[in-house]
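# Breakdown of the fold
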Number of protein chains: 2
Amino acid sequence: MAAIGATPDGGVTRLALTAEERRAMDLVRGWMEEMGLETRRDAVGNLFGAWRPAGVQGAPVMTGSHVDSVPHGGRYDGTAGVVTALAAVRALQQAGHVPSRPIEIAVFTGEEASRFPVGLLGSTAVTRGLTEEELDRVDAGGVRLRDALPDPAGLDAARIPPGGVAAFLEVHIEQGRVLEDAGVPVGVVTGIAGPAFFRGWLRGAADHAGATPMPLRRDALAGAAEFVLAAEQIARSTGPTTVATVGWLRPHPGAGNVIPGLCEFSLDLRDIDLDTRDRAEAALREALAGIAARRGLEWGLEETHRVDPVTVPGWLVDVLERVAAEAGVPTIRLPSGAAHDAMMMARVAPSGMLFVRCRDGRSHTPEEYAAVEDLTAAADVLAGALAMLTAEEAVGASG
Amino acid sequence: MAAIGATPDGGVTRLALTAEERRAMDLVRGWMEEMGLETRRDAVGNLFGAWRPAGVQGAPVMTGSHVDSVPHGGRYDGTAGVVTALAAVRALQQAGHVPSRPIEIAVFTGEEASRFPVGLLGSTAVTRGLTEEELDRVDAGGVRLRDALPDPAGLDAARIPPGGVAAFLEVHIEQGRVLEDAGVPVGVVTGIAGPAFFRGWLRGAADHAGATPMPLRRDALAGAAEFVLAAEQIARSTGPTTVATVGWLRPHPGAGNVIPGLCEFSLDLRDIDLDTRDRAEAALREALAGIAARRGLEWGLEETHRVDPVTVPGWLVDVLERVAAEAGVPTIRLPSGAAHDAMMMARVAPSGMLFVRCRDGRSHTPEEYAAVEDLTAAADVLAGALAMLTAEEAVGASG
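Residues numbered from 1 in each chain as written. Chains lettered and ligands numbered in written order. Predicted model: local features only at pLDDT ≥ 70, side-chain atom pairs only at ≥ 80, totals over all residues. Heavy atoms only, no water.

### Some details on the overall build of chain A
Counting its secondary structure elements, chain A contains twelve helices and 14 strands. In terms of overall dimensions, chain A is globule-like: its C-alpha atoms have a radius of gyration of 24 Å, near the 21 Å expected for 399 residues. The C-alpha extent of chain A, read off along each of the three principal axes, is 85 × 45 × 40 Å. Counting only residues that meet the buried cut, chain A has 59% of its 399 residues in that class. Taking the contacts inside chain A whose residues are at least 6 apart along the sequence as the reference set, 76% of them involve residues at least 24 apart. Accessible area for chain A stands at about 14,800 Å²; split by element, carbon and sulfur atoms hold 50% of it. Taken together, the 36 basic and 53 acidic charged side chains of chain A have centroids lying 3 Å from each other. (Helix = DSSP H or I, 4+ residues; strand = E, 2+ residues; numbered from the N terminus. Rg over C-alpha atoms; globule rule 2.2 N^0.38 Å. Buried < 20%, exposed > 50% of the residue type's maximum accessible area, 1.4 Å probe, protein only. Contact = heavy atoms within 4.5 Å. Areas by Shrake-Rupley, 256 points an atom, 1.4 Å probe, with all protein chains shown as cover. Lys, Arg positive; Asp, Glu negative; His and termini not counted. Charge placed at Lys NZ, Arg CZ, Asp CG, Glu CD.)

### Some thoughts on the packing of helix α2 (residues 79–94) of chain B against helix α12 (residues 372–389) of chain B
In a packed pair of helices, the relevant descriptors are the angle between the two axes and the axis-to-axis distance. Residue and element names in this part refer to chain B. For the pair α2 and α12, the least separation of the axes is 8 Å and the interaxial angle reads 55°. Accordingly, the angle class assigned to the pair α2 and α12 is oblique. You can see that α2 and α12 cross each other, and the crossing is right-handed. Within the contact between the two elements, α2 uses Ala 80, Thr 84, Ala 85, Ala 87, Ala 88, Val 89 and Leu 92 and α12 uses Leu 375, Ala 379, Leu 382, Ala 383, Leu 386 and Ala 387. Residues that form the contact of α2 with α12 fall into these classes: twelve nonpolar, one polar and no charged. (Axes fitted to C-alpha atoms, helices over the stretch in contact; angles between N-to-C directions. Parallel < 35°, antiparallel > 145°, perpendicular 65-115°, else oblique. Left-handed = near helix turned anticlockwise from the far one by under 90°. Nonpolar A, V, L, I, M, F, W, Y, C, P; charged D, E, K, R; others polar.)

### Points about the pairing of strand β10 (residues 262–271) of chain B
All names here are of chain B. Across the ten residues of β10, nine count as buried, placing the element largely inside the fold. By the bridge criterion, ten bridges tie strand β7 (residues 194–203) to β10 in an arrangement that is antiparallel. Bridge pairing in β10 links Phe 198 to Leu 267. Sheet topology note: the strand β8 (residues 243–245)/β10 ladder contains three bridges and is antiparallel. Across the sheet, residue Val 243 finds its bridge partner in β10, namely Arg 270. Across four bridges, strand β9 (residues 249–252) lies against β10 in antiparallel orientation. Note on β10: the bridge partner recorded for Arg 250 is Glu 264. (Pairing = 2+ DSSP bridges.)

### Concerning the interface of chain B and chain A
Taken residue by residue, the interface counts 48 residues in chain B and 48 residues in chain A. Across the chain B to chain A interface the summed buried area is about 4,000 Å²; carbon plus sulfur atoms make up 60%. It is Arg177(B), Met214(B) and Leu216(B) in chain B that bury the most area against chain A; as a group they hold 16% of the surface buried on that side. Between Glu232(A) and Arg295(B) there is a salt bridge; the shortest N-O distance is 2.7 Å. (Buried area = accessible area lost by both parts, 1.4 Å probe. Salt bridge = Lys/Arg side-chain N within 4 Å of Asp/Glu carboxyl O.)

### Description of the relation of the copies chain B and chain A
When chain B is fitted onto chain A, the two copies agree to an RMSD of 0.1 Å after a turn of 180° and an axial shift of 0.1 Å. Here the transformation between the copies is reduced to the relation of a two-fold axis. Nearest to the rotation axis, the C-alpha of Ala225(B) is located 2.2 Å from it, this being the minimum over chain B. Of all interface residues in chain B, 100% are interface residues in chain A too; the two copies therefore contact each other through one and the same surface. (Least-squares fit on C-alpha atoms with pLDDT ≥ 70 in both.)

### Quick look at the side chain of Glu232(A)
In this fold, Glu232(A) is placed in helix α8 (residues 220–238). In this view, Glu232(A) contacts Met214(B), Ala222(B) and Arg295(B); residues no more than four positions away in its chain are not counted.

### Things to note about the packing of α8(A) against helix α9 (residues 274–295) of chain A
Residue and element names in this part refer to chain A. Taken N-terminus to C-terminus, the directions of α8 and α9 make an angle of 155°; their axes are 9 Å apart at the nearest point. Between α8 and α9, the angle is such that the two are roughly antiparallel. For the crossing formed where α8 meets α9, the hand is right-handed. The segment α8 lies against α9, with Ala 222, Gly 223, Glu 226, Phe 227, Ala 230, Ala 231, Ile 234 and Thr 238 engaging Thr 276, Arg 279, Ala 280, Ala 283, Leu 284, Ala 287, Leu 288, Ile 291, Arg 294 and Arg 295. Classifying every residue of the contact of α8 with α9 gives eleven nonpolar, three polar and four charged.

### Focus: unusual backbone geometry
Residue and element names in this part refer to chain A. Between His 252 and Pro 253 the backbone carries a cis peptide bond, its omega angle lying at 5°. At Leu 120, a residue that is not glycine, the phi angle is positive and equals roughly 55°. For Leu 120, the location among the structural elements is in the loop between β4 (103–108) and α3 (121–126). Taking the relative accessible area as the measure of exposure, Leu 120 reaches 11% and is therefore buried.

### Topic: the environment of Arg359(B)
All names here are of chain B. The topology assignment puts Arg 359 in the loop between β14 (351–356) and α12. A residue is classified by how much of its surface remains accessible, and Arg 359, at 44% relative accessible area, is partly exposed. Taking the C-alpha atoms as reference points, Arg 359 and Gly 176, 183 residues apart in sequence, are found 8.6 Å from one another.

### Details of the nonpolar core
Counting 64 residues, the largest nonpolar core has Leu249(A), Phe265(A), Leu249(B) and Phe265(B) as the members making the most contacts within it. Sequence-distant contacts of Leu249(A), that is, excluding residues within four places in its chain, are made with Leu221(A), Ala224(A), Val228(A), Cys263(A), Glu264(A), Phe265(A), Leu221(B), Leu249(B) and Pro251(B). Core analysis: the second largest hydrophobic core is formed by 52 residues, Ala59(A), Leu169(A), Ala377(A) and Ala378(A) among them. (Core = buried A, V, L, I, M, F, W, Y, C linked by side-chain atoms within 4.5 Å.)

### Observations concerning the domain arrangement of chain A
Often the size quoted for an interface is simply the accessible area lost on bringing the parts together. Residues and elements named next belong to chain A. Segmenting chain A into domains produces domain 1 (19–193 + 310–394) and domain 2 (194–306). Relative to domain 2, the C-alpha centre of domain 1 lies at a distance of 37 Å. Listed as interface residues are eleven residues of domain 1 and, on the opposing side, six residues of domain 2. One can count zero salt bridges joining domain 1 with domain 2. The interface formed by domain 1 and domain 2 holds two residue pairs in polar contact (both at pLDDT 80 or more) in total. The element contributing the most residues to the side of domain 1 that touches domain 2 is strand β6 (residues 186–192), with three residues. Residues belonging to the side of domain 1 that touches domain 2 are distributed by class as follows: six nonpolar, five polar and no charged. (Domains from an automatic or database assignment. Polar contact = N/O pair within 3.5 Å; in protein donor to acceptor, adjacent residues only side chain to side chain.)

What follows is the structure, given as structure tokens:
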């Protein structure tokens with residue numbers, strides 16, 4: 001798999017809806033067929049492989065992830081979730097498990113927004129659906145998304161109907177250092193953080209850095225510096241799943257000997273709980289207003305993007321922890337700060353995630369690495385969970 | 001004067017050693033000659049006009065400033081010091097004052113570094129001298145400074161010999177809001193701040209803004225934000241003449257959803273007292289090292305420019321305050337944060353400055369404005385000081 005779209009630096013480049021992604025999907029499709037799965041490719045380009053032993057009916061329990069990557073990305077992001085899904089299903093087949101409902105492996109197309117500016121492409125298409133505006137977006141070469149799809153006319157039919165999936169599970173590398181720091185191979189995700197992005201600004205007066213004594217200044221950068229630290233403090237004090245980041249910050253005019261009269265900055269706020277995120281957002285606005293008032297500055301904070309967080313149902317977290325304990329795999333609970341296909345699948349089915357420890361938390365780079373032992377442990381937990389969810393009446397109570 | 005190099009927005013553009021600067025100097029030269037002054041232009045392009053009544057000998061007391069401007073600059077910066085010098089000398093002539101030594105008005109060329117990257121050009125040429133490297137610097141059109149000078153071969157002869165000037169006084173608009181805030185028209189400058197410029201950086205880890213909990217971050221921008229506030233606090237607590245400014249700051253990679261792994265920033269530190277500036281610099285380095293240590297960051301702070309401050313001799317401050325009091329002009333003492341020709345003249349003669357209140361502290365812009373009443377008050381104080389310094393034996397004790 002790592003040879004498809006391989007880059008000289010040891011990474012991979014497999015962009016959405018390119019020949020490289022298609023070759024990776026075809027490789028998976030071959031493996032699926034060797035395992036006796038019924039395969040199909042849908043209108044947006046997603047690949048599905050269903051294990052449906054004779055006489056087994058009903059909405060499937062689904063698991064999977066994606067095989068596309070960012071440019072010069074790593075070998076594990078997405079692919080780890082597809083490979084562990086294949087391994088888990090094969091283990092169940094070899095163990096003689098007879099599922100009470102089908103188990104289907106999904107390989108979603110275009111999870112990364114690197115080619116078309118639409119992330120979670122395949123999982124969005126089958127759940128929320130794509131908007132006309134999204135379908136008209138173009139890649140760097142001017143190709144429209146709709147023209148890159150295998151069957152744009154079939155998008156409506158590709159939507160998962162109500163009750164069409166009984167539950168969804170996704171294994172993914174953590175892309176952070178929480179598991180590494182805790183010394184455990186696998187994490188049970190409790191929720192997927194919803195991002196709220198903002199563009200902020202503070203305006204003061206651009207005065208001469210030599211001729212303006214400190215008490216007479218209205219320094220927009222100093223105000224922004226206070227806000228950067230306030231954001232850090234508010235995120236820390238709001239809760240363990242709250243993160244706030246100022247990733248860029250631009251003082252104007254940006255000359256060494258001029259006090260900045262204007263400072264623009266970004267704010268990235270996430271939490272797995274909507275109320276908690278709302279509370280943090282209110283505190284951030286209050287902090288910015290207070291800084292501006294004390295320093296005699298004008299201010300603004302405009303939302304640029306907002307997605308609600310997803311909470312993993314407690315019973316699904318319990319299932320994952322129980323089977324991990326039975327398999328002897330140590331786990332901790334943690335939130336997902338990044339978005340994943342499971343975030344879209346949560347719109348149509350109870351959805352959970354397992355994270356795999358990744359070295360130094362590095363991701364989206366050729367240095368991305370997860371140990372085969374940790375991936376195997378995650379596959380064991382996934383197999384146990386799939387078995388439990390396809391035992392008689394397992395998902396019946398919940399969906 | 002304001003018509004020469006006038007811009008449509010009400011300002012002026014008179015760059016160093018251009019036809020516009022020359023026309024402005026020629027206008028001043030005509031006024032000097034009407035007043036009976038002996039005029040000369042030196043090798044770098046400075047204009048001098050000496051009032052040397054019959055039988056009066058010795059090193060002159062000198063006063064003046066410049067008539068060049070930044071692009072789209074104001075009508076008062078520099079020109080105010082030349083016009084008040086002319087007004088003061090004419091007032092002494094009309095009052096029947098007989099100076100004990102000559103009084104010479106100087107119009108230095110190229111005070112602004114806008115055309116050639118050499119500020120204080122004319123006053124540097126006659127005091128410290130220009131270096132070969134400086135003479136080789138070029139303007140935006142590729143013209144070398146040495147080729148733009150009226151007589152590059154005569155630069156050595158243009159230097160002021162030891163004891164060649166008895167004292168120097170310069171009137172200049174404040175370019176800050178201290179006088180306006182204090183409600184006084186004229187300020188007596190106690191020293192000219194020496195600038196020390198630095199380029200600093202902090203390095204942490206560029207991690208995913210969603211997937212990295214707050215306690216695991218090594219955010220270079222958050223560290224830099226602490227430093228911006230530390231610089232503000234250290235300048236405030238070191239002394240009333242200390243200023244510290246972070247004018248630009250660049251987080252990397254500078255994406256909204258990536259924790260900045262590197263942050264570069266400028267630091268502009270000034271004080272009129274060298275020991276005080278050294279103390280502030282030590283505190284700033286200690287603060288940066290402490291921030292880096294607490295946050296697990298690497299750091300650096302490299303000097304890019306350093307000029308020693310100038311202290312105005314106490315007796316000269318006393319003279320200026322005494323004559324202001326006699327003339328009924330309210331004054332306060334204040335430092336000069338910006339550099340001026342008097343800074344270079346201080347290398348060869350006791351040098352003092354008077355600041356004139358300017359509206360909103362605005363300078364280097366067409367909105368620059370000083371009231372004619374305030375300029376007149378400064379000319380009155382300057383005339384009184386010139387009279388006192390050219391009374392019998394006045395400057396003898398000091399030089």
